[in-house]
Amino acid sequence: MAKHAGVSLGTVSNVLNRPDLVSPTTRQKVLDAITALGYVRNDSARQLRAGRSRTVAILVLDVSNPFFTDVVRGAEAVVEEAGGMLIVCNSGEDPHREQRHLDMLEEQRVQGLLVTPVSDGRHPRLDAFVERGIPVVLVDRGSGHPSRCSVAVDDVTGGRLAAEHLAERGHERIAYVGGPITIRQVADRHLGAATALAERDVPLDLQLVKTSSLSVDAGRQAADDLAALPPDQRPTAVFCANDLLALGLLQGSIAHGLRVPEDIAIVGYDDIEFAAAAAVPLSSVRQPRAQLGRTAAELLLEESINEDGHQHRHVLFQPELLVRKSSDHHR
C-alpha cells in the first residue's frame, strides 16, 4: 500500500492511527490507495499489539435454551452500544468443553468474560483471566469471590415459591426434576423447595428425580419414569429445574394419558416465551433474563475501563412465580 501511494510505511500508519499528523494531500493519496487495493485493517492484530481487545465473550451452559438466548441479547446490547462485539460460546453443560473454550478465549486476550460455569463459580481456571487483567463476571451464578463480580437470581427463594404454591394447592407427593445436581442453580432450586416443604406442619414428600441434562428430551424421559409408577406412589405435582424440562414433562405426561393439572401439576423455572404458549400454559418461576445479561455486561465494561477504582459487586435479583393452568388446580 505504501508503494502504491508513494509514501513510507510510517506515513501509512499515521494516516490510519494519527491522521492529524499527515497533510491533507498526502492523507488523500493513502486513502485512495486503500480504496484501490481494497485494504481492510487487521483490527484484531492492532488490538493485541496494544494489549486491549474490544471483544467480549459470554460462555453459557446451553445455547439452545431460550433463557440464555435472552441473557445473551441483553449483554449484546450493552457491549455493542460501547463499540465492542460479543462472541457466544456454548459449554453444553460439559466441563471438558468449558475448559477448551476458556483456553481459547484466554489465548485470544478478550476484553472480558461473562460466564455461567458448569460447576462451582470458584473455578480456579477463571483466576488465570483475572491475573492477566481480563475481568470475569459470573452470570446467573452467585460469587462471593473477591476478584470477580456476579449477577444472579435468588434460586433458593425461587424453589421455595414453587414448592409453597404446590403445597398450598393440596399436593403432598411432590417431585423435583433436575440435573446434573452439580450445577449450582439446580442444587439451589432443590434446596429452596426442600426447605419450604420441611417447614410445613403437614407431612410432605419431595422426591428427587435426577436428569442427565436440562433438556426437553430429559423431561420426556422423566415423564416416562413417573408414568410407570403405581398411581398411589406417583407424585401428584412436579417442580422442574427449568422450563425445557417442564415442557418435556408436560408433553410426555399427556402422551401417557395423564391430565395436567388434574393428575399431575407442573411448575417450571425461567418463564421462557414458550411457557405461556404451551398446550397447557405452564406455571413458571420468572427470572429477569435480559436484565441479567445487561447488568453483567455493564459491570464487566465498568471494570475493564476503571480497573483500579472498580468495586466488585454481587447483584442478586428476586424471582417471581407466575401461576398458569398447568398447576392451578386444588386437590
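Definitions and cut-offs
Residues numbered from 1 in each chain as written. Predicted model: local features only at pLDDT ≥ 70, side-chain atom pairs only at ≥ 80, totals over all residues. Heavy atoms only, no water. Pairing = 2+ DSSP bridges. Helix = DSSP H or I, 4+ residues; strand = E, 2+ residues; numbered from the N terminus. Axes fitted to C-alpha atoms, helices over the stretch in contact; angles between N-to-C directions. Buried < 20%, exposed > 50% of the residue type's maximum accessible area, 1.4 Å probe, protein only. Right-handed = clockwise from strand over helix to strand, strands pointing away. pLDDT = per-residue confidence, 0-100. Contact = heavy atoms within 4.5 Å. 1 Å grid on protein atoms, 1.4 Å probe; cavity = no way out; pocket = protein on both sides within 12 Å on 5 of 7 lines; lining within 4 Å. Points joined across faces, edges and corners; volume = space filled by probe spheres on them.

1. As for the sheet that holds strand β7 (residues 205-210)
Step number 1: Read from one edge of the open sheet, six strands run β7-β6-β8-β9-β10-β12, paired in mixed fashion. With partners counted over all chains shown, the strands left at the sheet margins are β7 and β12 (320-322), one partner each. Pairs of neighbouring strands in the sheet enclose a mean axial angle of 20°, with direction left out of account.
Step number 2: As judged from the three bridges shared by strand β10 (residues 283-286) and β12, these two strands associate in the antiparallel manner. The residue of β12 that forms the bridge with Arg286 is Glu320.

2. Focus: the pairing of strand β9 (residues 265-270)
Step number 1: The buried count for β9 comes to six of six residues, which makes it a mostly enclosed element.
Step number 2: Inspection of the sheet shows strand β8 (residues 237-240) paired to β9 by three bridges, in the parallel sense. Looking at β9, one finds that Phe239 is bridged to Val267.
Step number 3: Taken together, β8, helix α11 (residues 243-255) and β9 form a β-α-β motif whose crossover is right-handed.

3. Some remarks on the confidence of the model for the chain
Step number 1: Summarising the model, the chain shows a mean pLDDT of 87, and 86% of its residues fall at 70 or more.
Step number 2: Scored below 50 in pLDDT, residues 42-51 makes eight contacts in the model with residues more than four places away or belonging to other chains.

4. Thoughts on empty space enclosed by the protein
Step number 1: Tallying each qualifying case throughout the model produces one cavity of 30 Å³ or more.
Step number 2: Of the voids in this model, the largest cavity is the one considered here, and its volume is about 130 Å³.
Step number 3: Contributing to the lining of the largest cavity are 16 residues, with Asn65, Phe68, Arg189, Leu214 and Asn242 lying nearest its centre.
Step number 4: Counting only elements with at least two residues in the lining of the largest cavity, the list comes to α5 (66-81) and α9 (184-198).

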